[in-house]
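Structure at a glance
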Amino acid sequence: MINSKLPKIWYGGDYNPEQWEPEIWSEDERMFRLAGIDVATLNVFSWALNQPSEEEYDFAWLDEQMDRMSRTGVYVCLATSTGAHPAWMAKRHPDVLRVDKNGSKRAFGGRHNSCPNSPTYRKYSALIAEKLAERYKNHPALVIWHVSNEYGGYCYCENCTSAFRSWLQERYGSLDALNKAWNTRFWGHTFYDWDEIVPPNERSEEWGHNRTNFQGISLDYRRFMSHSLLECYKLEYDAIKKHTPDVPVTTNLMGLYPELDYFEWAKEMDVVSWDNYPSLDTPISLTAMTHDLMRGLKQGQPFMLMEQTPSQQNWQAYNSLKRPGVMRLWSYQAVARGADTVMFFQLRRSIGACEKYHGAVIEHVGHEHTRVFRECAQLGEELQGLSDKLLDSRSQSKVAILYDWENRWALELSSGPTVALDYVKEVHKYYHALFDLNIQTDMIGISEDLSKYDIVIAPVMYMVKPGFASKVEDFVAGGGTFVTTFFSGIVNETDLVTTGGYPGELRKVLGIWAEEIDALYPDHHNQIVMIEDWNGLSGSYTCGMLCDLIHTEGAEVLAEYGEDFYKGMPVLTRNAWGKGSAYYVASSPDAAFMKGLMENLCREKGIAPLLHTPEGVETALRVKDSAGYLFVLNHNPEEAEVEVGQEALHELLTDIQVQGKVVVPGRGVMILEQKQK
Amino acid sequence: MINSKLPKIWYGGDYNPEQWEPEIWSEDERMFRLAGIDVATLNVFSWALNQPSEEEYDFAWLDEQMDRMSRTGVYVCLATSTGAHPAWMAKRHPDVLRVDKNGSKRAFGGRHNSCPNSPTYRKYSALIAEKLAERYKNHPALVIWHVSNEYGGYCYCENCTSAFRSWLQERYGSLDALNKAWNTRFWGHTFYDWDEIVPPNERSEEWGHNRTNFQGISLDYRRFMSHSLLECYKLEYDAIKKHTPDVPVTTNLMGLYPELDYFEWAKEMDVVSWDNYPSLDTPISLTAMTHDLMRGLKQGQPFMLMEQTPSQQNWQAYNSLKRPGVMRLWSYQAVARGADTVMFFQLRRSIGACEKYHGAVIEHVGHEHTRVFRECAQLGEELQGLSDKLLDSRSQSKVAILYDWENRWALELSSGPTVALDYVKEVHKYYHALFDLNIQTDMIGISEDLSKYDIVIAPVMYMVKPGFASKVEDFVAGGGTFVTTFFSGIVNETDLVTTGGYPGELRKVLGIWAEEIDALYPDHHNQIVMIEDWNGLSGSYTCGMLCDLIHTEGAEVLAEYGEDFYKGMPVLTRNAWGKGSAYYVASSPDAAFMKGLMENLCREKGIAPLLHTPEGVETALRVKDSAGYLFVLNHNPEEAEVEVGQEALHELLTDIQVQGKVVVPGRGVMILEQKQK
Amino acid sequence: MINSKLPKIWYGGDYNPEQWEPEIWSEDERMFRLAGIDVATLNVFSWALNQPSEEEYDFAWLDEQMDRMSRTGVYVCLATSTGAHPAWMAKRHPDVLRVDKNGSKRAFGGRHNSCPNSPTYRKYSALIAEKLAERYKNHPALVIWHVSNEYGGYCYCENCTSAFRSWLQERYGSLDALNKAWNTRFWGHTFYDWDEIVPPNERSEEWGHNRTNFQGISLDYRRFMSHSLLECYKLEYDAIKKHTPDVPVTTNLMGLYPELDYFEWAKEMDVVSWDNYPSLDTPISLTAMTHDLMRGLKQGQPFMLMEQTPSQQNWQAYNSLKRPGVMRLWSYQAVARGADTVMFFQLRRSIGACEKYHGAVIEHVGHEHTRVFRECAQLGEELQGLSDKLLDSRSQSKVAILYDWENRWALELSSGPTVALDYVKEVHKYYHALFDLNIQTDMIGISEDLSKYDIVIAPVMYMVKPGFASKVEDFVAGGGTFVTTFFSGIVNETDLVTTGGYPGELRKVLGIWAEEIDALYPDHHNQIVMIEDWNGLSGSYTCGMLCDLIHTEGAEVLAEYGEDFYKGMPVLTRNAWGKGSAYYVASSPDAAFMKGLMENLCREKGIAPLLHTPEGVETALRVKDSAGYLFVLNHNPEEAEVEVGQEALHELLTDIQVQGKVVVPGRGVMILEQKQK
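Residues numbered from 1 in each chain as written. Chains lettered and ligands numbered in written order. Predicted model: local features only at pLDDT ≥ 70, side-chain atom pairs only at ≥ 80, totals over all residues. Heavy atoms only, no water.

**Points about the UniProt feature "domain: Beta-galactosidase trimerisation" (unreviewed entry) in chain A**
Rules: UniProt positions are given in the numbering used here, feature names are shortened, and annotations may be inferred rather than shown by experiment. For helices the rule is a DSSP run of H or I covering at least 4 residues; for strands it is a run of E covering at least 2, with both sets numbered from the N terminus onward.
The UniProt record annotates "domain: Beta-galactosidase trimerisation" (unreviewed entry) at residues 398-607 of chain A. Taken end to end, residues 398-607 of chain A has its terminal C-alpha atoms 7 Å apart, with 24% of it in helix and 31% in strand.

**Details of the domain arrangement of chain A**
Test applied: What marks off one domain from the next here is an automatic or database domain assignment.
Under the domain assignment, chain A is made up of domain 1 (1-12 + 26-36 + 272-391), domain 2 (158-219), domain 3 (399-604) and domain 4 (617-675). Each of domain 1 of chain A and domain 2 of chain A was reduced to a C-alpha centroid, and the two centroids are 42 Å apart.

**Topic: the relation of the copies chain A and chain B**
Using the following cut-off: All copies are superposed by least squares; the fitting set is the C-alpha atoms of residues with a pLDDT of at least 70 in both.
Under the fitted operation, chain A is carried onto chain B by 0.1 Å of movement along the axis and a turn of 120 degrees, and the coordinates agree to an RMSD of 0.0 Å. Here the two chains are linked by the operation of a three-fold rotation axis. The rotation axis passes nearest to the C-alpha of Ser 104 of chain A in chain A, at a distance of 5.1 Å.

**Looking at the pairing of strand S2 (residues 39-42) of chain B**
Residues and elements named next belong to chain B. Condition: Whether a residue is buried, partly exposed or exposed follows from its accessible area with a 1.4 Å probe, protein chains only, as a fraction of its type maximum: under 20%, in between, or over 50%, in that order. Paired strands, as defined in this entry, are two strands with at least two bridges between them according to DSSP. Handedness of a crossover is defined as follows: orient the strands so they point away from the viewer, and if the path from the first strand over the helix to the second runs clockwise, the crossover is right-handed.
The side-chain alternation of S2 yields two buried faces, one formed by Val 39 and Thr 41 and the other by Ala 40 and Leu 42. Sheet topology note: the strand S1 (residues 10-14)/S2 ladder contains three bridges and is parallel. Bridged to Gly 13 within S2 is Ala 40. On the question of chirality, the crossover connecting S1 to the parallel S2 by way of helix H1 (residues 22-35) is right-handed. Relative to strand S3 (residues 75-79), S2 runs parallel, the two being bridged by four bridges. Note on S3: the bridge partner recorded for Val 39 is Tyr 75.

**Let's talk about the sheet that holds strand S10 (residues 303-307) of chain B**
All names here are of chain B. For clarity, the threshold we go by: Two residues qualify as a contact provided that any one of their heavy atoms is within 4.5 Å of a heavy atom in the partner residue. Each axis is a line fitted through C-alpha atoms, taken for helices only over the stretch in contact, and angles between the N-to-C directions span 0 to 180 degrees.
The strand order across the open sheet built from nine strands is S7-S4-S3-S2-S1-S11-S10-S9-S8, with neighbouring strands paired in parallel fashion. Of all the strands in the sheet, just strand S7 (249-250) and strand S8 (252-253) have a single pairing partner and so form its edges. Strand contacts of helix H10 (residues 284-297): S8, strand S9 (273-275) and S10, with the helix running at about 125 degrees to S10, the strand carrying the most contacts.

**So, the packing of aromatic side chains**
Quick note on the threshold: The aromatic pairing rule takes the rings of Phe, Tyr and Trp, using the six-membered ring of Trp, and pairs them if the centres are within 6.5 Å, calling planes under 30 degrees apart stacked, those over 60 edge-to-face and the rest tilted. Two conditions define a charge sitting above a ring: the NZ of Lys or the CZ of Arg must be within 6 Å of the ring centre, and it must be within 35 degrees of the ring normal.
All chains considered together, the criterion is met by 105 aromatic pairs over all chains. With a centroid separation of 6.3 Å and an interplanar angle of 85 degrees, the aromatic rings of Tyr 151 of chain A and Tyr 233 of chain A are classed as edge-to-face. Of this pair, Tyr 151 of chain A sits in the loop between strand S4 (142-146) and helix H6 (158-172) while Tyr 233 of chain A sits in helix H8 (residues 215-243), placing them 82 residues apart in sequence. For the pair Tyr 151 of chain A and Tyr 233 of chain A, a shared accessibility class is recorded, and that class is buried. For the ring pair Tyr 561 of chain B and Tyr 566 of chain B, a centre distance of 5.0 Å and an interplane angle of 80 degrees mean the geometry is edge-to-face. For Tyr 561 of chain B, a relative accessible area of 1% translates into the label buried. Each residue in the set Phe 108 of chain A together with Tyr 156, Phe 164, Trp 167, Tyr 172, Trp 182, Phe 191, Tyr 221 and Phe 224 of chain B is aromatic and connected to the rest through ring pairs, giving one cluster. Here Lys 131 of chain B stacks its cationic end above the ring of Tyr 57 of chain B, 4.5 Å away from the centre of that ring.

**Thoughts on the UniProt feature "binding site: Zn(2+)" (unreviewed entry) in chain A**
Residue and element names in this part refer to chain A. Per the UniProt entry, the sites bearing "binding site: Zn(2+)" (unreviewed entry) are Cys 115, Cys 155, Cys 157 and Cys 160 in this numbering. For this annotated set, covering 46 residues, all C-alpha atoms fall within 7.9 Å of each other, a compact arrangement in space. Beyond its immediate chain neighbours, meaning those up to four positions away, Cys 115 contacts Asp 95, Val 96, Leu 97, Arg 98, Tyr 121, Cys 155, Cys 157 and Cys 160. Relative to the assigned elements, Cys 160 resides in helix H6. If we skip the residues at most four places from it in the chain, Cys 160 touches Cys 115, Pro 116, Asn 117, Cys 155, Tyr 221, Phe 224 and Met 225.

**Focus: the pairing of strand S14 (residues 455-458) of chain A**
Residues and elements named next belong to chain A. The alternating pattern of S14 places Ile 455 and Ile 457 on one face and Val 456 and Ala 458 on the opposite face, and all of these are buried. Bridge count between strand S12 (residues 399-402) and S14: three bridges; the pairing is parallel. Bridging across to S14, Ala 400 finds its partner in Val 456. In this sheet, strand S15 (residues 481-485) lies alongside S14 in parallel orientation, the contact comprising four bridges. The partner of Ala 458 across the bridge, within S15, is Thr 484. Once you follow S14 into helix H15 (residues 468-477) and on to S15, the crossover reads as right-handed.

**Observations concerning the pattern of salt bridges**
All names here are of chain A. Applicable threshold: Each reported salt bridge corresponds to a side-chain nitrogen of Lys or Arg within 4 Å of a carboxyl oxygen of Asp or Glu.
Taken as a whole, this structure holds 124 salt bridges over all chains when the rule is applied. Of the charged contacts, one joins Arg 92 and Glu 54 as a salt bridge, the two residues approaching to 3.1 Å between their closest N and O atoms. Of this pair, Arg 92 sits in helix H4 (residues 87-92) while Glu 54 is found in the loop between helix H2 (47-50) and helix H3 (60-72), placing the two residues 38 residues apart along the sequence. Across the salt bridge formed by Glu 206 and Lys 101, the nearest N and O atoms sit 3.5 Å from each other. In this pair, Glu 206 sits in strand S5 (residues 206-207) while Lys 101 sits in the loop between H4 and helix H5 (119-136), placing the two residues 105 residues apart along the sequence. Three or more residues joined by partner-sharing salt bridges are found here, namely Arg 171, Asp 220, Arg 223, Asp 404, Glu 406 and Lys 465.

**Concerning the interface of chain C and chain B**
How we decide: We define buried area as the total accessible area lost by two parts upon association, computed with a 1.4 Å probe and summed across both. We define a polar contact as two N or O atoms separated by no more than 3.5 Å, with the added condition that, inside protein, one atom must be a possible hydrogen donor and the other a possible acceptor, whereas residues neighbouring each other in sequence contribute only through side-chain atom pairs. Gly falls in the polar group here, along with every residue not listed as nonpolar (Ala, Val, Leu, Ile, Met, Phe, Trp, Tyr, Cys, Pro) or charged (Asp, Glu, Lys, Arg).
In this assembly, 54 residues from chain C lie in contact with 53 residues from chain B. Here chain C and chain B share an interface that buries about 4500 Å² over both sides, 56% of which is from carbon and sulfur atoms. Our enumeration of links across chain C and chain B arrives at five salt bridges. Put simply, Asp 564 of chain C and Arg 323 of chain B hold a salt bridge, and the shortest N to O gap is 2.7 Å. Here chain C and chain B share 32 residue pairs in polar contact (both at pLDDT 80 or more) between them. Of the residues forming the side of chain C that touches chain B, the biggest block, six residues, is contributed by strand S16 (residues 512-519) of chain C. A per-class count over the side of chain C that touches chain B returns 25 nonpolar, 17 polar and twelve charged.

**Focus: the interface of chain A and chain B**
Each partner contributes residues to the interface: chain A has 53 residues there, and chain B has 54 residues. Here chain A meets chain B over a buried area of about 4500 Å², counting both sides, of which 56% is carbon and sulfur. For the chain A face of the interface with chain B, the top three residues by lost area are Phe 108, Tyr 318 and Tyr 357 of chain A, together amounting to 16%. There are five salt bridges connecting chain A and chain B. Scanning the region where chain A abuts chain B turns up 32 residue pairs in polar contact (both at pLDDT 80 or more). Going through the elements one at a time, H2, H4 and helix H12 (371-386) of chain A are the ones with two or more residues in the side of chain A that touches chain B. Counting residues per element, the side of chain A that touches chain B draws most heavily on H4 of chain A, which supplies three residues. For the side of chain A that touches chain B, the class distribution of residues is 23 nonpolar, 17 polar and 13 charged.

**Some points on helix H13 (residues 405-413) of chain A**
Every α-helix carries 3.6 residues per turn, so stepping three or four residues along brings you back to the same face. Residues and elements named next belong to chain A. Counting buried positions over the nine residues of H13 gives nine, a clear majority of the element. Burial in H13 covers these residues: Trp 405, Glu 406, Asn 407, Arg 408, Trp 409, Ala 410, Leu 411, Glu 412 and Leu 413. On its buried face, H13 sits against strand S6 (211-212), H8, helix H9 (262-266), helix H10 (284-296) and helix H14 (423-436).

Dropping the structure here:
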């Protein structure tokens, strides 16, 4: 439980009373009560207010708000306000300002605007975090700390340059080691002095989006920047913990955000929280996958849905309204996949600047007689009804998909073989097939223990770090099913190719050798032709983008290419290894193949779907003690009929018993309580 | 009349004899006479020639040209030459060079290249204007002053930064007021010192095209830049007026150019002039609308067509030739809509640099035996024939469309609800329907008196400034028909949302409340379903982009949405208010609906079309004393039959009487003289 | 013969042993022998290795490699290593770093990274070249020098600015002449001091891709930059020649690379070499045209194919494998068109940085059992079999196409009449038609002697330099056929329009006047309607992009436009002039017209195809002494039947006699030895 002060699914969101006159506040309180709001995130962007000058702090306004929240029965998720530095600080200490990728020094503006290696920023952000912790450590409203906000963005200033050199010295020990790791003899880049190294940006090695001359340098700069921002977070974390060791600390992550290695970050967070902003055309399964990834950051521990919009976004190209029922549906989707909070950005809509057309519980009209408010209030009531029933429940998956930020960086920085390769898309292909089959799946990091899974899938595992290959070998030897794909096992952790034949360290367990990798134009395709019918997976499927030309070295050929000069070469192989099997998918298949393959693998391991549901009906299971909570989420606008089995089950939201064929309304939700076997 | 020295429609254009050897000049004179040219714009880009160094001025060449023009019977539109600063000035006084939006200081080059807050530029531009005025004040050829050229472009230098701070101090008085106006508590932007404020650009608050974090700051910077450039204009204006108080002064505007608030500019201009450069695919009605807007800048006063090309442009992607007859046709379109001049860029084509493929009266071949020259000469003769007949005649419209640059800025800067919203396109939708119906329409600013109109249309009047709402209320109460649309009445003049329900201050007069605003993807649409047949407006029409979800508060529902969850909610409403009606169009309709709606509104107010014409035949009326001049412009390449009524009318260009069915040749023009009722 | 030490078609490529541990070297040697490799390019990017600091040089590693090559029987193409400067140099002497087009000073990184006017770069690049020449002048392995690598890229720093001013002073003598040449009175650009001139870039006159305000300035900067880089090359060339006057010197060019005037460069090179990187969708005829152009740089002298990939590229969007047989086929295509070497980038694939996915003879797997290696080894064996048979043989073309870099620059910088005009595409249209007809064609510079050709084609010869027009007149008068097109003869060498009627100086010989130039939108077209059947060229063809409106002045009209207001005006004309004819093609025709036109012109001059071949089968002829070597290259994946005539011919690769109908396998090659008449 995040904090036992509030033993239910938290309901609330970002709240900026400092943008409003006091007469609005009592109206807010009234409406919070109407909506069942019990947690408010305060102080996210108030650094300039809290510290009007270098010497002066003023928390009077925050004292008042904290007390007011307390009186209203609303708990506070207290932010440290360091998500944007004050204008006076930028003027007085320009070292807080970032230098852009193009080498241009920024002026004051925006947010995420502080250089992570700025001495000024580090000093004053830690200081204000400490002041807040000291001041509010015993405040009854305080339930959690929210450090800064949506960390992100890179800097290329002189301070970062120096810090990068030190970080490299620490990492590599010697210039010899660094020169080797980056293969600097290519293009005559040998460094003879640490000071010769400059950050990779548009003035040195990079251009466009993720294009670089030196993958090793660019990869390390991503690591270094993720690390630098994490250091800033940790300075605040430590400052807070001095005074409130028992209050949890988080910072709000951004799902698939590419710039930070969230697995590293999660280690330093007491609870993961994240901001979920799908658009009208985001696949439901991609949102589900992201929730599962956020849950996976801390080994399945429940997370916080820190932000979502009650209805509309403002920064998308076309900001559709969430259709009636969708906000509730997506809120339960989060809970179904491990969230113990449902929180919004924002409780009251601001009237100026760039987020004024971002939806809120309290809209510009200011009263409760809106569709959006009614939906919020209904959900608030329901969540109160659920009480602490679901808190701390866990998912129990037998299938895991590996996800690795460093692998993503290396892939995205690669020059060749194709610009079409998108790590997230390839991962999602596998996830989507499992999702469609109602197979509960974990999204895990490469350091996790694999032994609790029956099936582990590693799409495009391009970078293989030390120890990973033998972990996979052990997993398969122990009976596990391992699946990987084209363009895997290619490089080590500094992006140097493992010579001796692709897929490098994974070659043995896969029993294949990939001789060549063909890149197809977007309008070119090949076929996956099954050798024989494999439980319905038969005939021919489409594949494309990349086609590995592989030779078996012990593996069995399940399918071969259907055309081109490599027609007849293997495209799907299975290698028996110990008690298990390792599959290699040599190209990027169509959805039909994907689903058939996943179905067969699960069938072989006896992994059953949570339910059989019509198209568009999602399922997910959370388990606590002896109870299972099976969520049935109908994403269709029309009602759907679902067979839930002959045993009578308690549906939590309606408090009735259901069995057999049940009709779920369009965009409706059921939470079925099961006895856990 | 612009200047009584030349009591006819002026005919001529930009002329750069300084680019040519003297032997060419006499050839020019001969050809000017052949073409009927009687006005030449001199000295537009001759600053470097006039002032070879900081200390030295040399007008000998210009004396010679002025005298030569005089002798040739050509009057001079005399430019002040400040459209581009000399290279020596850039080298000696770098403060004249602008800083780009990305923060980069420019070097010498281009035109529109001076910082508007450069002390050097302000000093020397005013000085040369004064010197010219003093020198040529009594010159017989002088008929008008042309200050600088096509003002535009923004600067972000240190001088502009300081001037911006002063401008803000003047505007807001206190930082408190400014912080409130910009809502700086959002994202912790509170300013404690004026010097903390920096211009909004790519180094601070903006990125891409019109994207900003702080709408209030960006909006004010646009105001400030428009104002700064206007100050430069005024410095020259004042310097000129000291010596030639009676010679009119203008500067050439650029129609729908987004960066300057031309309503503010027109106040300081004796006569409006503008440069008209449609391309092959510019809708005829958009050009017409722009002429009407230029006429509207000074309350209907005739304007100058300062520039158009005789045939070809050079800076468009595909520079089509103007088809035979098109130059004449478009020239009369300008006159029909209020121009008292027909002028070209340029009289002789230059041979080097970027405009050498821009058409001219005298082409590179140098002689008169070209199609283009023949067409120019024919028009010159016709305009001489018209003498002063049309001069100073006015349009008399009962319908007005409001157009506001600040509203445009605010709309374009808005983050959400859709990137598809284009102010000019929405305004043009309404204009186009009226144009198609041959309803004479004025394009007016929001400060104009509305009482002389029967119908006032305010498309997407997003920003409502103080006093505007009550002016609309009075207008409607007095019997007027007011029309506005979705996403209107949202913000005040600093882009702060008016709380309490959209459309804010316009809510009362419209009798509706807009609860939500849905943004549709480009391939999504909804329907406007008419409740009942309204004079032929019946059944269903397509709409899209934005859909306001409105509730009536007194208004009558004329049409409702046809699908989605807001099917059945109002999309077209009419509110009775005093003696008049206020209409709200809650989405962006298709052309058929638009035309039907405009037809009905005009019919209700008894506003009749100028004529009924076939597709592609434009009409416009200018009125002087007791005479009306009805222009009939056939934009089709084929001839068109037009019914002009049973009364015999004098056609000015052919000098014959016409009545009944008249055939207008392809791309032909008629000017029918009517007795005005 | 490039170097008599190695009297055969050289076979090898770039080799970077310094990137590998010594244990790999012996493996390399073994595989070189297996593959028939006899030349290796060493030291391309080893500056940092050779000169670890300003004071220190260390060639020990290179001594070892040179000796090793010698022992292995591999000759060395020795690079000077100046393609990328060392990191220490960038840190110590920032003048070596370029300033980008946007005015931003670069930091260390990439390659092609040195400012060509940097005193440091010039000093140390010449110095290391000299040291290498002195050290290895008598080394038995040395066969050719390879200066720097793929010169290219522009700089805009202060040193370049000064050098540009000096270059201009030299070129123009006086500011008066310069002001005139650049037409600086346009937009008030008159320069009164050389120091007022700044390089044209994004801070001054240019923006986007090739957009400029002043064509003259931008054109001269391209000339100056090409010249500056060439000066760097010449400094190294001269330093080398001091010690090895008899060893040939080259630098690897890049085919159609736009930034350097390769005709100027070739004058300073002993032998032309170039890097050929077609992609899957590059037309075969475009590669052929580029080979022919590279051969034309030095009047037909054989060139070196310095780089090609054995299979895959890395920097294309979609890096397809070269299909089986394609590497061999394309290698023979190079030889067929004048190459006396077949060389690869690279011999062993690197394992880190941006080219690790670029194909190599020795792939990452490291052994010889790959498809790619087998194909390389087969080709190596064949080339050994050919011995010195083909060396120094020449092409004998009666048709030439003119190609001019300065014309290309001027065209691409032109503002108007259309953005669709692409010089290379227009040239390729003509080349492609001839290629399809199996007509051997030379690609030549405008300074070449035309008299040896029967037909000379000058597509879009926009810029006509002094003397060119009279050379064309002489050529035609002597019986030649000259063909040029729309938008030709427009400007002189400083991009000033030749007044008096297009096509300027070419007007007389063409017997036409182009009055106007219409630019068509991409979806608009016109027709070429033949006046009468001309040997099968009859009826109507499509044309578009630009349409010159021409009048004949003596020329005969062969075809006229089919629509628009210029329907019936000439679009294809022939002017009799002396003993020859000059054709004008007034628009950009479709491929069918193009082929018919070329066929007719060749038929008239009695120029016969090399062979008649099916679609996709290329032919080319090299001639030496009394023998001709006719290459037949089947680019189809399927076999093709070719009629080679009744005379029995020796096929060199199979060493058999062929005659009559011969089947060439898919992607197969024949080299038929003919007696030369």
